[in-house]
Each structure stands twice: as C-alpha cells, then as structure tokens.
Amino acid sequence: MALLSRIVLTVSVMLVAALSGCDSGKSVSVSPRKPAIHVPAGESLLPFDAAATTGPAMAPRELFEAFKRTETDGVRTHLVELDGEPSMLMFEIDLALFEPLLLGVGKNALAGVSANDAITRFDLRLVIGSGFVSELNPLSPVGLLQINGSVQSPLQRHGYTRILGVRSESIGVVASREYHIGMFTSALQVGPGIVEEGKLDISERDLERPEYFRTFVATCGTRALIGASQVPMHLYTLGKRLLEYVARLELTCDEVVNLAGDREVVLAMAADDKSKLVYFGHLNTVKASLLGFRRR
C-alpha cells in the first residue's frame with residue numbers, strides 16, 4: 001500500500017506540473033525530425049555491397065553520367081538544372097518496351113521490399129519509391145495500397161488526393177474521389193498532384209513549407225517519367241521547372257504526382273545484364289511500396 005501511495009503521489013505531482021506548464025502558456029512538444037540534407041548516391045556491382053553506401057555520395061553531375069552509361073533502349077536519362085545547377089534526375093520510359101509493376105506490403109503481398117531486392121527478385125530495370133507511410137510504423141501505408149487487385153490498405157477519403165494506378169500496359173493518375181476498385185490492377189494513394197491536366201497544381205504557399213528531397217511520377221501518353229530531386233526542393237519549384245523542361249522535349253505530360261520524399265526517396269537503375277546498378281537513396285531500406293519497370 002505504501003508503494004502504491006508513492007506511485008499515485010508521483011503521478012499526481014507530474015500531472016500538476018504539466019497542467020501548470022499549460023497555465024503558464026508554455027507547451028511541451030516533440031520537435032519533428034529535420035528534413036534530410038543528403039542521401040546515398042553512387043554505383044555498385046551486383047550483388048549490391050551495402051558497404052558502398054558508407055562513403056561520400058557521388059556528385060550530382062557524376063551520378064547523371066553513371067545513369068547515362070547504364071541506360072538502355074526505351075529509357076532516356078535527363079538532368080534538369082535550376083539556375084545552372086543540377087536539380088533533378090529523370091528517366092523517360094517507353095511503355096511499349098517496359099511494363100510497370102507496383103510492389104508493396106500486405107496480408108497477401110510482401111513484408112516490405114527494398115529497391116535492391118526488388119531489382120533482383122522481380123527482374124526490374126528501374127525502381128522508384130516510395131509510397132507514404134506512418135512515421136511511427138514505417139511499413140504501414142497511409143492510404144490506398146492495392147496489389148494485383150487485392151486491397152492491402154484502404155483508401156483514405158480525406159488523405160492524399162491522387163491515386164497512381166498501374167496496369168500491365170500503362171500507368172494512370174486519377175483523383176482519389178474518382179477512384180473505384182477495378183479501375184487499375186494495382187494502385188497507390190499519393191499526392192499532392194503537382195501537375196493536373198497539364199497545368200501546375202501547386203500553390204505558391206508551398207514555398208513557405210520546408211524543402212525535402214522529392215520523388216515524382218508523370219504520365220505522358222505512351223511514356224512515363226520518373227524522377228527525384230537531387231537537392232531538397234519545394235513542390236512548387238519542382239513542378240514549375242519540370243513543365244518548362246518537358247515542353248522543351250515536346251512531351252505532353254498531363255499528370256505529375258508526388259511520392260513520399262525525404263528519407264523515403266530512392267531511385268535506381270540496373271544494367272541490362274544485372275552486373276551493376278546506379279542508385280540515389282537508401283537501396284537496402286525496406287519500403288512499404290515501390291514502383292518498378294521491367295522489360296516486356
């Protein structure tokens with residue numbers, strides 16, 4: 001009983017102190033984790049040597065050249081500059097030659113998958129990730145995740161506003177309110193939409209928010225664009241510069257959507273013979289979802 005009394009007294013004192021703090025106008029909060037300022041980047045032989053990511057990251061232009069050397073028929077590598085400096089890496093993929101594939105966690109799916117494992121196990125040439133997850137549960141999807149017709153995580157009506165859908169022949173993007181089961185074979189809730197119906201869909205208010213490393217997917221008719229920012233960026237800046245760049249390529253991209261960024265960023269390309277790969281981001285970190293492309 002004496003021990004119980006001491007416990008009750010201690011809890012009471014802590015509660016009073018907390019309430020006193022609130023009365024004084026002071027609040028106790030947990031600071032959010034600061035955005036990442038760098039991610040691993042480089043080139044590796046396969047099987048991947050995890051020790052390779054412990055060294056300094058490959059410089060942006062050098063990384064672009066490594067990706068360029070690794071590209072194949074049906075894939076074009078682009079380096080998008082901003083104010084004369086590298087800002088985004090981007091792959092232009094011919095969907096007549098490459099099949100999209102969405103991988104993810106779930107009851108009837110994988111227990112998470114890393115970009116390194118995805119390339120090896122599913123014969124992928126390109127991988128981008130990832131979908132959004134709970135900060136406390138990094139393998140718990142936030143919003144819809146549908147794999148081969150099976151819903152692994154339900155749609156959130158008031159969550160991220162876009163659905164990235166995958167069929168064997170193509171990819172597509174629709175508003176989350178318009179989505180219904182059967183529209184795509186596999187689907188992922190993402191957002192916000194950076195470009196909608198060919199126009200920038202991000203407010204300048206985005207410039208008041210923190211900058212993050214970004215990954216994005218664009219639908220451009222018979223082609224898809226996937227990419228990552230090489231520096232932390234605002235989505236407004238990314239979208240505006242991206243529209244300028246694709247116009248120069250004479251590509252029409254109706255939708256561009258934001259995938260999870262910051263430490264979830266990963267972009268990788270494997271050589272045709274799978275002897276090596278080039279990567280940007282954490283290759284061995286298990287993700288809740290990844291989008292990959294393999295030769296048809």
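Residues numbered from 1 in each chain as written. Predicted model: local features only at pLDDT ≥ 70, side-chain atom pairs only at ≥ 80, totals over all residues. Heavy atoms only, no water.

## Details of the pairing of strand β2 (residues 75-82)
Bridge count for β2 against strand β3 (residues 85-94) is eight bridges, and the pairing is antiparallel. Across the sheet, Glu81 pairs through a bridge with Pro86, a residue of β3. A loop of two residues connects β2 with β3, the two strands running antiparallel in sequence, and Asp83 in this loop sits at a positive phi of about 55°. (Pairing = 2+ DSSP bridges. Helix = DSSP H or I, 4+ residues; strand = E, 2+ residues; numbered from the N terminus.)

## Focus: the confidence of the model for the protein chain
Per-residue confidence for the protein chain gives a mean pLDDT of 87; residues scoring 70 or more make up 86%. Overall, residues 1-31 carries pLDDT values under 50, and its contacts beyond four positions in sequence, including any with other chains, amount to one contact. (pLDDT = per-residue confidence, 0-100. Contact = heavy atoms within 4.5 Å.)

## Regarding the sheet that holds strand β17 (residues 276-281)
Within a sheet, neighbouring strands are paired by backbone hydrogen bonds and run either parallel or antiparallel to one another. Taken in spatial order, the six strands make up an open sheet running β1-β17-β16-β5-β18-β4, and their pairing is antiparallel. Of all strands in the sheet, those bounded by a partner on one side alone are β1 (41-45) and β4 (98-104). The mean angle between the axes of side-by-side strands here comes to 15°, regardless of whether they run parallel or antiparallel. Pairing geometry for β4 and strand β18 (residues 289-295), over seven bridges, is antiparallel. Directly across from Leu101, in β18, lies its bridge partner Gly292. (Axes fitted to C-alpha atoms, helices over the stretch in contact; angles between N-to-C directions.)

## Comments concerning the sheet that holds strand β12 (residues 199-200)
Ordered by their spatial adjacency, seven strands build an open sheet running β2-β3-β14-β13-β15-β11-β12, and the pairing between neighbours is antiparallel. Of all the strands in the sheet, just β2 and β12 have a single pairing partner and so form its edges. Those strands touched by helix α4 (residues 235-248) are β2, β3, β11 (193-196), β12, β13 (215-220), β14 (223-229) and β15 (255-258), and its axis lies near 120° from that of β2.

## Quick notes on the packing of aromatic side chains
Scanning all chains against the criterion turns up four aromatic pairs. Both rings, one in Phe67 and one in Phe91, keep their centres 5.0 Å apart while their planes meet at 70°; by these two values the pair is edge-to-face. Note that Phe67 is positioned in helix α2 (residues 60-70) and Phe91 in strand β3, a separation of 24 residues in sequence. Its relative accessible area of 0% is what places Phe91 among the buried residues. Centre to centre, the rings of Tyr179 and Phe184 are 6.5 Å apart; their planes meet at 5°, and the pair counts as stacked. (Phe/Tyr/Trp six-rings, centres within 6.5 Å; stacked < 30°, edge-to-face > 60°. Buried < 20%, exposed > 50% of the residue type's maximum accessible area, 1.4 Å probe, protein only.)

## Examining the layout of surface pockets
A volume near 820 Å³ is recorded for the largest pocket. Phe132, Tyr212, Gly261, Asp262 and Glu264 are, among the 30 residues lining the largest pocket, the residues nearest its centre. Classifying every residue of the lining of the largest pocket gives 13 nonpolar, seven polar and 10 charged. (1 Å grid on protein atoms, 1.4 Å probe; cavity = no way out; pocket = protein on both sides within 12 Å on 5 of 7 lines; lining within 4 Å. Points joined across faces, edges and corners; volume = space filled by probe spheres on them. Nonpolar A, V, L, I, M, F, W, Y, C, P; charged D, E, K, R; others polar.)

## A few points about the pattern of salt bridges
In the structure shown here, the tally under the stated rule is 15 salt bridges. Residue Glu244 is joined to Arg241 by a salt bridge in which the shortest nitrogen-to-oxygen separation is 3.5 Å. In this pair, Glu244 and Arg241 both sit in helix α4, three residues apart, roughly one turn of the helix. Relative accessible area serves as the criterion here: at 13%, Arg241 is assigned to the buried category. Residue Asp262 is joined to Arg263 by a salt bridge in which the shortest nitrogen-to-oxygen separation is 3.0 Å. Given a relative accessible area of 30%, Arg263 falls into the partly exposed group. (Salt bridge = Lys/Arg side-chain N within 4 Å of Asp/Glu carboxyl O.)

## Section: the pairing of strand β10 (residues 186-190)
Where burial is concerned, most of β10 is hidden: five out of the five residues are buried. Burial along β10 is two-sided: Ser186, Leu188 and Val190 and Ala187 and Gln189, pointing in opposite directions, are all buried. Note: strand β6 (residues 145-147) against β10, two bridges, orientation antiparallel. Paired with Leu145 across the two strands is Leu188, which belongs to β10.

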